[in-house]
Structures are given as structure tokens and as C-alpha cells.
Amino acid sequence: MRRVLTLVLAVMVSGMVAGLVGAFVMNLAAQGQAAAPAGAQNFLTFSALLSLLALPTAAVIGLPAHTALSRAGRTRRAPYVLAGVMAGLIIGVVFSGFRADGWVALLVGMCAGAGGGLGFWLIARPDRLAKT
């Protein structure tokens, strides 16, 4: 039961971290544009929207990736970050068609996925579980 609660917490944290990282990268990418939405209010809006997208992604893609990585013995940080980048790339490819500058969606997805993968690993800590 404790392990299940840890995984639920890891999914929630990874979704929130991915939303924050994605909003930060989106803000950085929008700095050079003339009609760029800037400010703290837009950052919070982007964070909330991206977190709403990242939470189901962490559950649908992240949990099976965690299971596969754990079974393969890949419990260090780098495989989890790479899995997050790949999950973010999948979502970025899906959403890149909605924007004229699709590379921003790819960049945001990959960075958000990396942050989400790291957040998941920091909570779940499968490397410590494997040693005990």
C-alpha cells in the first residue's frame, strides 16, 4: 500500500514539475516575439494548463515506463529523465501541429518531460528500493 501511495505522489509531483518547467520554457521561447504574453499571471496560467496535460501523461506513459525500467534494472536518474524526454516528445509532436512554430511545442514538451521524469525519480527513488 505504501508503494502505491508513493507512486501516486510521484505522478502528481512529476505532473506539477513538468507544468512549471514547461511554462518556464514557453515563457523563454516567447520572449523574442512581439505579441508575447508575459507576466506572472500568464506564467501561472501556462503552468496550470501544462500540469493538466502532464498529469495524465505521467500516469498513462510514466507508470508503464517506470515498470519497464524497474524490471530492466534501470533505476538510476538518467533513464527516468530520458523516458520523460521521450514522453514529452510524444506530446510535443501531437501539439506541434496546432502552432505555426511547432518547434516551440517540441522544445516545451521535451523540457517539461525531462523535469517530470526527474521529479518522478526523486519521489519514487527506485534505486533505493532495488537495494533493500
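Just so we're clear, the structure is a prediction, and the values are computed from it rather than from any experiment.

Here's the deal with the overall build of the protein chain
Here's step 1: When helices and strands are tallied, the protein chain shows five helices and zero strands.
Here's step 2: The secondary structure elements of the protein chain, listed N-terminal to C-terminal, are α-α-α-α-α.
Here's step 3: Dimensions along the principal axes, computed over C-alpha positions, put the protein chain at roughly 55 × 25 × 20 Å.
Here's step 4: The buried share of the protein chain, reckoned over its 132 residues, is 36%.
Here's step 5: Within the protein chain, contacts between residues at least 6 apart in sequence are counted, and of these 72% link residues at least 24 apart.

Focus: the pattern of salt bridges
A side chain with one charge can pair with a side chain of the opposite charge if their charged atoms come near.
Here's step 1: In total, this model carries two salt bridges according to the counting rule given.
Here's step 2: Between Arg-76 and Asp-127 there is a salt bridge, with the nearest N and O atoms lying 3.9 Å from each other. Pair noted here: Arg-76 is in the loop between helix H2 (40-72) and helix H3 (77-96) and Asp-127 is in helix H5 (residues 126-131), with a separation of 51 residues, a long-range link.
Here's step 3: Given a relative accessible area of 51%, Arg-76 falls into the exposed group.
Here's step 4: A salt bridge links Arg-125 to Asp-127; the nearest nitrogen and oxygen atoms lie 2.8 Å apart.
Here's step 5: We classify Asp-127 as buried; its relative accessible area is 6%.
Here's step 6: Salt bridges linked by common partners bring Arg-76, Arg-125 and Asp-127 together as one network.

Regarding the confidence of the model for the protein chain
Low pLDDT marks regions whose predicted coordinates should not be analysed in detail.
Here's step 1: Taken as a whole, the protein chain shows an average pLDDT of 88; of its residues, 90% reach a score of 70 or greater.
Here's step 2: Taken element by element, the predicted model of the protein chain shows its lowest mean pLDDT in H5 (73) and its highest in H3 (94).

Conventions and cut-offs
In this numbering scheme, every chain counts its residues from 1 along its sequence in written order. Local features in this predicted model are restricted to residues of pLDDT 70 or higher, and side-chain atom pairs are both shown and tallied only at a pLDDT of 80 or more, whereas totals for entire chains, interfaces and linings draw on every residue. Hydrogens are left out, water is left out, and the side-chain values use all remaining heavy atoms of the structure. For helices the rule is a DSSP run of H or I covering at least 4 residues; for strands it is a run of E covering at least 2, with both sets numbered from the N terminus onward. In this scheme, a residue with accessible area under 20% of its type's maximum is buried, one over 50% is exposed, and one in between is partly exposed, where area comes from a 1.4 Å probe on protein chains only. Contacts are assigned to residue pairs that have any heavy atoms within 4.5 Å of one another. By salt bridge we mean one thing: a side-chain nitrogen of Lys or Arg within 4 Å of a carboxyl oxygen of Asp or Glu. Confidence of the prediction at every residue is given by pLDDT, a number between 0 and 100.

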